[in-house]
Amino acid sequence: MPEGWPATEAEARAVQDELRARVILDEPGPPPGTGRVTGVDVAYDDDRDVVVAAAVVLDAATLEVVAEATAVGRICFPYVPGLLAFREVPAVLAALGALPCPPGVVVCDGYGLAHPRRFGLASHLGVLTGLPTIGVAKNPFTFTYADPAAPRGSSAALLAGSEEVGRALRTRDGVKPVFVSVGHRVTLDNACAHTLALTPRYRLPETTRRADALCRRALREATARQEPTSR
DNA sequence: GCGACAG
DNA sequence: ATCTTGTCGC
């Protein structure tokens with residue numbers, strides 16, 4: 001359990017309300033296809049109280065893996081809608097810290113600005129690290145959107161009432177869109193461009209696919225010696 | 001008051 | 001997130 005980590009939901013919401021002021025929204029961020037892009041994801045074993053985070057660094061031009069790292073820890077916050085960051089951030093920080101090179105733009109599995117208090121996981125991670133971050137989620141959470149046109153690349157506003165908090169972006173022809181929002185130091189247009197650059201083949205970005213596979217594998221391995229294989 | 005609700 | 005086999009389709 002990290003120093004000063006909130007113990008209650010009310011404390012956690014107060015932390016969000018305070019850190020939100022530090023989000024930078026007026027920087028365009030690195031152009032897609034250049035430098036590096038890093039995916040982060042987390043897997044859990046609630047019964048054993050184990051959490052594993054993975055960070056996978058890709059060359060943005062080729063999408064080849066150039067580095068990866070994992071971190072194992074204890075679960076330090078329950079899943080509460082709107083407070084996901086408090087469950088995921090400590091392990092993700094550890095995984096990012098274990099990388100041998102700078103991560104470039106960090107792609108999170110979840111939301112940034114598209115959040116009840118406009119401070120989702122990607123915003124939180126961005127503020128704590130200073131890195132440019134974006135959020136790419138698989139579900140619209142509580143937000144609304146008009147279905148984008150069928151071709152890949154089409155998009156529609158992701159709305160909280162009349163406020164655009166992100167974009168529903170079609171990454172594959174005729175397939176359910178992903179939900180992109182800004183984290184820190186990246187523009188929404190640029191975040192969508194990055195997302196398209198990371199989806200040459202599948203609905204989800206290569207970064208999150210790679211990070212997801214790695215943290216699941218690391219969780220299996222971290223968990224393997226504690227309970228013998230049943231048969 | 002009740003249900004919904006990123007991962 | 002996680003529990004879980006096969007199956008339909010490109």
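Quick notes on the rules
Residues numbered from 1 in each chain as written. Chains lettered and ligands numbered in written order. Predicted model: local features only at pLDDT ≥ 70, side-chain atom pairs only at ≥ 80, totals over all residues. Heavy atoms only, no water. Pairing = 2+ DSSP bridges. Helix = DSSP H or I, 4+ residues; strand = E, 2+ residues; numbered from the N terminus. Contact = heavy atoms within 4.5 Å. Axes fitted to C-alpha atoms, helices over the stretch in contact; angles between N-to-C directions. Salt bridge = Lys/Arg side-chain N within 4 Å of Asp/Glu carboxyl O. Buried < 20%, exposed > 50% of the residue type's maximum accessible area, 1.4 Å probe, protein only. Near = heavy atom within 4 Å. Polar contact = N/O pair within 3.5 Å; in protein donor to acceptor, adjacent residues only side chain to side chain. Nonpolar A, V, L, I, M, F, W, Y, C, P; charged D, E, K, R; others polar. Core = buried A, V, L, I, M, F, W, Y, C linked by side-chain atoms within 4.5 Å. Parallel < 35°, antiparallel > 145°, perpendicular 65-115°, else oblique. Left-handed = near helix turned anticlockwise from the far one by under 90°.

Structural notes on the sheet that holds strand 2 (residues 50–59)
- Strand order in the open sheet formed by nine strands is 3-2-1-4-5-9-8-7-6, with mixed pairing between adjacent strands. Two strands bound the open sheet, and with one partner strand each, they are strand 3 (65–74) and strand 6 (144–145).
- Where strand 1 (residues 36–45) lies against strand 4 (residues 105–109), three bridges are found, and the strand directions are parallel. Bridge pairing links Gly39 to Val107 in strand 4.
- Here helix 5 (residues 206–224) sits on the sheet and contacts strand 1, strand 2, strand 3 and strand 4; the angle it forms with strand 2, its principal contact strand, is near 145°.

So, unusual backbone geometry
- One non-glycine residue, Arg118, lies in the positive phi region at around 60°.
- Within the fold, Arg118 resides in the loop between strand 4 and helix 3 (121–129).
- In this model, Arg185 sits at a positive phi of 60°, which is unusual for a non-glycine residue.

Things to note about the pattern of salt bridges
- The final tally for this structure, using the stated rule, is 15 salt bridges.
- Between Arg209 and Glu206 there is a salt bridge whose closest N-O contact spans 3.5 Å. Of this pair, Arg209 and Glu206 both sit in helix 5, separated by three residues, roughly a single helical turn.
- Note that Asp212 and Arg216 form a salt bridge whose closest N and O atoms lie 3.0 Å from each other. Taken together, the residues span about one helical turn, with Asp212 and Arg216 both in helix 5 at a distance of four residues.
- The class for Asp212 is partly exposed, based on a relative accessible area of 24%.

Focus on the protein's contact with DNA strand C
- Taken together, the neighbourhood of DNA strand C is formed by Ala43, Tyr44, Lys138 and Arg216.
- One of the side-chain nitrogen or oxygen atoms of Lys138 is found 3.2 Å away from a phosphate oxygen of DNA strand C.
- Measuring from a phosphate oxygen of DNA strand C, one finds a side-chain N or O atom of Arg216 at 3.1 Å.
- In terms of residue class, the surface near DNA strand C is built from two nonpolar, no polar and two charged.

Looking at the nonpolar core
- Counting 30 residues, the largest nonpolar core has Val40, Phe77, Val92, Leu96, Cys108 and Leu125 as the members making the most contacts within it.
- Secondary structure elements with two or more residues in this core: strand 1, strand 2, strand 3, helix 2 (84–97), strand 4 and helix 3.
- Of all the elements, helix 2 adds the most residues to this core, at seven residues.
- The contact partners of Leu125, leaving out residues within four places of it in the chain, are Val40, Val89, Val92, Leu93, Leu96, Val106, Cys108 and Thr133.
- Core analysis: the next-biggest nonpolar cluster, separate from the first, contains 16 residues, Val136, Val178, Val180 and Val186 among them.

Digging into the pairing of strand 9 (residues 178–184)
- By the criterion of burial, strand 9 is predominantly enclosed, with seven of the seven residues buried.
- Alignment of strand 5 (residues 133–137) against strand 9, held across five bridges, turns out to be antiparallel. Within the sheet, the bridge partner assigned to Ile134 lies in strand 9 and is Val182.
- Sheet topology note: the strand 8 (residues 163–169)/strand 9 ladder contains three bridges and is antiparallel. Across the sheet, the residue bridging to Ala168 is Phe179, located in strand 9.

Some points on the packing of helix 2 against helix 3
- Here helix 2 crosses helix 3 at 45°, and the two axes come no closer than 10 Å. In terms of orientation, helix 2 lies oblique with respect to helix 3. The handedness of the crossing between helix 2 and helix 3 is right-handed. Mapping the contact onto sequence places Leu84, Ala85, Phe86, Glu88, Val89, Val92, Leu93 and Leu96 in helix 2 and Leu121, His124, Leu125, Leu128 and Thr129 in helix 3.
- When the residues that make up the contact of helix 2 with helix 3 are grouped by side-chain class, the tally is ten nonpolar, two polar and one charged.

Spatial relationships are all this shows, so hold off on functional conclusions.
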